[in-house]
Each structure stands twice: as structure tokens, then as C-alpha cells.
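Letter by letter, the chains look like this.
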Amino acid sequence: MGKFGLLALGSLFVVSSAYAQVHRTLPKGVRLLAYRNVNTTKIDATYNQAQAVTPLSYNINANAATLESAGTAAKLYFEQLQAISPEAYDQLTFGEFNVSAVAQVQVHGFGGGYGITEKLTVYGILPYYTANVNMKYKQIRGSNSQEIADQVQLAGQGDIDSTLGNITSSIPSATGNVVQSVLVNTYGYQEIGDWQGSGYGDFELGAMYRLIDRGTWGFAVSSGLVAPTGRQDDPDILQDIAFGDGQWDAFVEGAYGYVLNDSLMFGTTLRYTYQAPTEKTLRIPTSRDSTISDTKGDFVVKYGDRLDAVLSSTYTINDWFSLTPAYEVNYQMPSEYSSAYGPADGYLEYNSDRIGHVGRMSASISSIQPFLKKKFALPAQINFNVQQTLAGKNVPKMGRFEVELRMLF
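Presented here is an overview of the structure given in this document.

## Notes on the overall build of the protein
Turning to step 1, where the next piece is worked out: Broken down by element type, the protein carries 8 helices and 20 strands.
Turning to step 2, where the next piece is worked out: The burial tally for the protein puts 48% of its 409 residues in the buried class.
Turning to step 3, where the next piece is worked out: A separation of at least 24 residues holds for 72% of the contacts in the protein among residues at least 6 apart in sequence.
Turning to step 4, where the next piece is worked out: Of the accessible surface of the protein, which amounts to about 19400 Å², a share of 57% is contributed by carbon and sulfur atoms.

Written out as C-alpha cells, the structure reads:
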């Protein structure tokens, strides 16, 4: 996972939903307009590589190794300290901080479809994001500068050693300003703080063809492209959220629907998405445990292909109301990186696969059946969706609340 584990959010929001009759296409000449409003719960944790819940946070130690690049005077001081006492240099800290993030996202999804024939429907989906990330600092370890100062003076043999000891003991414990200095001056990131952003996500254009319709069951296939129109991750901002992943995608999907009786229907979909390689400027990691780095470089990135499966059932209460529970599995294969930076490719590839298990409940109010029975003037549908990430690996832990309006004309 990169940064604070928020990079996966951009691929989690679409306008389409899996309902029981997933194989149905629009009638010839009929248009569909859809709008969906998505709001997440506060996101402050992810499922890590062991599928355990972990907070969105980093620990930053204001020690000699991280502070010596803050300026010329600091560099000279730490060089002298290391020369006098390597042990003191290694042990010195002016404080250790935990920097944590809490994110919340709202998405406005816009979609449209058109029935070219009775079996063929084309559609497009474009999301618009508004995201907020709030940062918090918490000190988890104080300064040991006085202890190190005593150690330097005991080990020293002259005035320079005594002076270094006095300077060390007089430097105060780390504060938020020191943390900022480390990230900005040492690593070259923009200042850590609350972040807000808005913009369009990636645009999906596809077509759906109904292969089989036997009345009680049917099968349809879809295919299309996803264009990289969304905001990409900025390598200089630790706390931002990407609204797209920056490359073209191509997908194919199968949808099977089965009608058991007038009240109960089932549906399942399976989508495979190929993610094309693209060039990106990224931070060059020095270990596989963290992508925080003070240098950037160009990489050819091939994000792992995706498999998305949904199983749903719809219980129809009457012509107007229905309930649809659903279970969804999202899997992204490991990613591939290619660059001139040797081990960095492997560090980025390590632990880059993702899997999410999601439970969803939808309640629908629909006038489509009353319209077909000439009991209502306008065919439309309002869906209320609640869903929660139940388990996963390298994905955010979050809930979503959605309201969707679909109109046919």
C-alpha cells in the first residue's frame, strides 16, 4: 500500500448496480438517465496484508538520521556528534510522532444509456468526487536529548565535546513544526495538513448485449473502456486521494439472471478488467515497508488486472417495492513496476495485490411495472443502498450510503 492507504478509493465508485435481472437490456429507442449520490463513513483504517484492521497512520522519529538534512547548521552538528560518539548519534531522538489520517468522500455519479436494438444497449458513466482528509499528530515518545548530552560530555575530551553536549541538552522536544520540517526539508513533500479536493473520476463507456432470454433466465455480456479522466495521485502530497489511476482499462463482463417466481429473482455478474501499462513519476522507495522517500523517478507501471464478482437476490414485495441483498468480491492482481532503480521495482510490487469483501442491502421504489400496466405516467426508479466492507486485504475499511435515481424515456 502506498501513502496512507487511500489510493484504492478511486476505483470503488460506479453508477451501475447489480440487481436480479442483470441480463436485461433497454428496449430499442429507450433512454436511461441515472444519478447516484454516494457518501462514505469516516475512513480511518485499512485491512492490511494479513487482513487485519490497521489505522491510517505513520510513525515519524525526529532522530539524527532524519534531522541532519534540515539545514547546514544541523548537518554540521550531527556530523560532529557522530564523529564523537556513533552510539549517541544512533540513540538520539528529539521525539517520535504518530501522524494519522481520517478521510471522507462524496461522489456524484452520472450515467446514461440508450437501447440501439432490443438486445444491444450502450452506456456511459462519469463520477465527480469531493474528498476531505483530516490529519492528526500524536506524540508517542519524548526527547532523550538530556541523556545523550550527558553521554557526550562523559565521552568527550575537550571544549567542542562539552559544547555539543550543551547544545544537545538545550534542544527542545520535537513538535509538529519539527515533523513538518522533516517531511518538507528532508523528504521534499508538501506540508502535512488537512486536504480537500474535487474533480471528475475515470469515464466508463460500454455496451451490453443480451445473448439469451428464456423468460425465467437469461445471459448478457458487456464490454468497454475506462478512460483516465480522473485526478491522479500526487507523489509530493502524502495525504491526497486519487480519483483515477491514470491508465486506460478494457473490460468484459458476463451477467446471468434467474427468475424463480413473481417474488424472488437472482442475479450474478463477473467482470474482468485489463489495466494497460502507463508511465508515472513516483517516489523511489528504499525499503518494501514504506514508500516515503526523498527522491522521485520515472516508472512504467502495470497495475494488476481486476476481477469483480457480485451475487444478488431480489425480493419483490409488490409492483412498487423490492429489497436486494448482495455480496461482492473485488480482487486486483499484483502490480508490476519497471524502472532504472533496481530494487525499488520489487519494493513497489511487494504486497500490491488487493481483495475486498463487501455486503450490500438495497431498497427500491420503482414505477416501471405500474407504467407498463398503464397505472403510472412516468417509468422511474429510486434505490437506497447501504454497504460495508466486511473483510479484505490492502483496501480501506468503510461504509457507504447511496441514493440513486433512474429515469426511462
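## Details of unusual backbone geometry
Turning to step 1, where the next piece is worked out: If you check the backbone angles, Lys374 has positive phi at about 60° while not being a glycine.
Turning to step 2, where the next piece is worked out: Looking at the element boundaries, Lys374 is found in the loop between α8 (368-372) and β18 (380-393).
Turning to step 3, where the next piece is worked out: Judged by its relative accessible area of 76%, Lys374 falls in the exposed class.
Turning to step 4, where the next piece is worked out: You will see that Asn394, though not glycine, has its phi angle at about 60°, which is positive.
Turning to step 5, where the next piece is worked out: Mapped onto the elements, Asn394 comes out in the loop between β18 and β19 (395-396).
Turning to step 6, where the next piece is worked out: For Asn394, a relative accessible area of 2% gives the class buried.

## Some words on the sheet that holds strand β3 (residues 53-55)
Turning to step 1, where the next piece is worked out: Judged by pairing direction, the sheet is antiparallel, and its 3 strands sit side by side in the order β3-β2-β19 without closing on themselves. The open sheet has two edge strands with one neighbour each: β3 and β19.
Turning to step 2, where the next piece is worked out: Relative to β3, strand β2 (residues 45-47) is paired through 3 bridges, and the arrangement is antiparallel. Its bridge partner lying in β3, Thr46 is registered against Thr54.

## Examining the sheet that holds strand β16 (residues 336-338)
Turning to step 1, where the next piece is worked out: If you walk across this open sheet you meet the 3 strands as β12-β13-β16, and the pairing is antiparallel. Unpaired on one side and paired on the other, β12 (278-283) and β16 mark the two borders of the sheet. Strand-to-strand, the axes of this sheet are offset by a mean angle of 45°, without reference to chain direction.
Turning to step 2, where the next piece is worked out: As defined by bridge partners, strand β13 (residues 296-302) adjoins β16 across 3 bridges and the pair is classed as antiparallel. Bridging from a neighbouring strand, Val301 pairs with Tyr337 of β16.

## Side note on the packing of aromatic side chains
Each pair of aromatic rings is reported with the distance of its centres and the angle of its planes.
Turning to step 1, where the next piece is worked out: Overall, the coordinates contain 7 aromatic pairs when judged by the stated rule.
Turning to step 2, where the next piece is worked out: The interplanar angle of 85° and the centroid separation of 6.5 Å between the aromatic rings of Phe299 and Tyr337 together place this pair among those described as edge-to-face. Of this pair, Phe299 sits in strand β13 while Tyr337 is found in strand β16, placing the two residues 38 residues apart along the sequence.
Turning to step 3, where the next piece is worked out: Residue classification places Tyr337 among the buried positions, given a relative accessible area of 13%.

## Section: the pattern of salt bridges
Turning to step 1, where the next piece is worked out: Within the structure shown, the criterion is met by 16 salt bridges.
Turning to step 2, where the next piece is worked out: One network of salt bridges, with partners in common, ties together Arg36, Arg400, Glu402, Glu404 and Arg406.

## With respect to the nonpolar core
In globular proteins that are soluble, nonpolar side chains generally tend to be buried together.
Turning to step 1, where the next piece is worked out: Counting residues in hydrophobic clusters, the biggest one holds 24 residues, and the most contacted among them are Val133, Trp195 and Ile241.
Turning to step 2, where the next piece is worked out: Those elements that place two or more of their residues in this core are β4 (57-63), β5 (93-115) and β6 (120-141).
Turning to step 3, where the next piece is worked out: Contacts of Trp195, omitting those with residues within four sequence positions, involve Ala131, Asn132, Val133, Arg231, Ile237, Gln239, Asp240, Ile241 and Phe243.

## Re the pairing of β6
Turning to step 1, where the next piece is worked out: Of the strand pairs in this sheet, β5 and β6 are connected by 20 bridges, and their pairing is antiparallel. Note that in β6 the partner of Phe110 across the bridge is Leu126.
Turning to step 2, where the next piece is worked out: Between the end of β5 and the start of β6, which pair antiparallel, lie 4 residues.
Turning to step 3, where the next piece is worked out: Direction of pairing for β6 relative to strand β8 (residues 203-213): antiparallel, over a ladder of 6 bridges. Counted as the bridge partner of Tyr123 is Gly206 from β8.
Turning to step 4, where the next piece is worked out: Of the strand pairs in this sheet, β6 and strand β7 (residues 195-200) are connected by 6 bridges, and their pairing is antiparallel. By the bridge assignment, Ala131 is partnered in β7 with Gly197.

## Examining the environment of Pro343
Turning to step 1, where the next piece is worked out: By the element assignment, Pro343 lies in helix α7 (residues 343-349).
Turning to step 2, where the next piece is worked out: Sequence separation of Pro343 and Ile284 is 59 residues, and the distance between their C-alpha atoms is 9.5 Å.

Analysis parameters
- Residues numbered from 1 in each chain as written.
- Predicted model: local features only at pLDDT ≥ 70, side-chain atom pairs only at ≥ 80, totals over all residues.
- Heavy atoms only, no water.
- Helix = DSSP H or I, 4+ residues; strand = E, 2+ residues; numbered from the N terminus.
- Buried < 20%, exposed > 50% of the residue type's maximum accessible area, 1.4 Å probe, protein only.
- Contact = heavy atoms within 4.5 Å.
- Areas by Shrake-Rupley, 256 points an atom, 1.4 Å probe, with all protein chains shown as cover.
- Pairing = 2+ DSSP bridges.
- Axes fitted to C-alpha atoms, helices over the stretch in contact; angles between N-to-C directions.
- Phe/Tyr/Trp six-rings, centres within 6.5 Å; stacked < 30°, edge-to-face > 60°.
- Salt bridge = Lys/Arg side-chain N within 4 Å of Asp/Glu carboxyl O.
- Core = buried A, V, L, I, M, F, W, Y, C linked by side-chain atoms within 4.5 Å.

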